[in-house]
Amino acid sequence: MTEPIRRKNNLLRLFLLGMLGCLCAGCLHASGVKEKESLMENGCGTLWGVVNTLGEEMPLSKEVVEAVLRTELTDKTRDEYLWHLIGAGHPLDDGSSVSRVSLALLPGGEFGKNSGLSIELEGRCIGLDEIREHFGELTIVQYPRGRSLQETTVYAAAMPWGELSFAFKEEKRDCLFRILFRKKMP
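Here the structure is a predicted model, which is why all the values come from computation and not from measurement. (Residues numbered from 1 in each chain as written. Predicted model: local features only at pLDDT ≥ 70, side-chain atom pairs only at ≥ 80, totals over all residues. Heavy atoms only, no water.)

(A) Focus on the sheet that holds strand β8 (residues 178-183). What the eight strands build is an open sheet, ordered β1-β2-β3-β4-β8-β7-β6-β5; its pairing is antiparallel. Single-partner strands in this sheet number two, and they are β1 (74-78) and β5 (139-142). Averaged over all pairs of adjacent strands, the angle between their axes in this sheet comes to 25 degrees, without regard to strand direction. When strand β6 (residues 152-159) meets strand β7 (residues 162-169), the two strands line up antiparallel, connected through eight bridges. Within β7, the residue paired with A156 across the bridge is S165. The strands touched by helix α3 (residues 47-56) within the sheet are β3 (96-105), β4 (116-123), β7 and β8, with β8 carrying the most contacts at an inclination of about 15 degrees. (Pairing = 2+ DSSP bridges. Helix = DSSP H or I, 4+ residues; strand = E, 2+ residues; numbered from the N terminus. Axes fitted to C-alpha atoms, helices over the stretch in contact; angles between N-to-C directions. Contact = heavy atoms within 4.5 Å.)

Here it is in structure tokens:
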């Protein structure tokens, strides 16, 4: 009689540990797309949870990006050098919203040298101080040249998997406009 009770308690413990991990880490590292969809539907849909999950999944794939960002990516262009996919965004749980997703992969679908993921944002204003709270000191890697309000100032953080960049448009310099993921090259 104690064996079924132990089994039930073990399952409950595993469930609670999983939920705690989701709350503490933003989003758990999941091995499959279905697990990621489940995590995103269960309240891990904050901007920083999404960023952490995508970083854990580097190098990225079309399927992972679609699952984590809850969007369908469609072909924009494809040639012998690059496969460019785009998708619409959705609101996140923290008041921010993904407005556009752009993923560049190698023609075979690998995330390589010229690959990158760009996430454009709208909704609540995310300032540089909030980004520094999550990623520490940042390096300026691009300055506007004064030719257009569409030019950006770009700050970057070195990550174990590559570079995470944060772009601010001149027309709205205090609010994050885009996040870019690039793989570290050997």
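(B) Focus on the nonpolar core. Judged by nonpolar contacts, the single largest core of 38 residues is most densely connected at L54, F135 and F166. For this core, the element with the highest residue contribution is α3, accounting for five residues. Excluding residues within four positions of it along the chain, L54 makes contact with L60, V65, V68, L69, L117, I119 and F181. (Core = buried A, V, L, I, M, F, W, Y, C linked by side-chain atoms within 4.5 Å. Buried < 20%, exposed > 50% of the residue type's maximum accessible area, 1.4 Å probe, protein only.)

(C) Seen up close, the environment of L106. With respect to the helices and strands, L106 occurs in the loop between β3 and β4. Among residues more than four places away in sequence, those in contact with L106 are Y81, W83, G112 and S115.

(D) Examining helix α5 (residues 128-135) more closely. Those residues of α5 lying buried are L128, E130, I131 and F135. Down the axis of α5, the buried set is contained in an arc of 160 degrees. They therefore lie on one face. In α5, those exposed residues whose orientation departs by more than 90 degrees from the buried face are D129 and E133. Elements in contact with the buried residues of α5: α3, β6 and β7. Following α5 by one or two positions, G136 adopts a phi angle in the positive range, close to 75 degrees. (Arc of directions from axis to C-beta.)

(E) Structural context of the state of the cysteines. Tallied over the full model, the rule gives one disulfide. For C125, the disulfide goes to C175, at an S-S distance of 1.9 Å. Note on the C125 and C175 pair: the S-S dihedral is about -105 degrees, so by sign convention the disulfide is left-handed. Placement of C125 in the loop between β4 and α5 and of C175 in the loop between β7 and β8 is noted, with a sequence separation of 50 residues between them. The exposure class assigned to C125 is partly exposed, which follows from its relative accessible area of 41%. (Disulfide = S-S within 2.5 Å.)

(F) Main features of the side chain of E170. With respect to the helices, strands and loops of the structure, E170 is situated in the loop between β7 and β8. Ignoring any residue separated from it by four or fewer positions in sequence, one finds E170 in contact with P144, S148, L149, E151 and T153.

(G) Structural context of helix α4 (residues 62-69). A large share of α4 lies buried, amounting to seven of its eight residues. Backbone geometry just downstream of α4 places R70 in the positive-phi region, at approximately 50 degrees.

(H) Spatial organisation of the pairing of β6. Across the eight residues of β6, seven count as buried, placing the element largely inside the fold. Relative to β6, β5 runs antiparallel, the two sharing three bridges. Note on β6: the bridge partner recorded for I140 is Y155.

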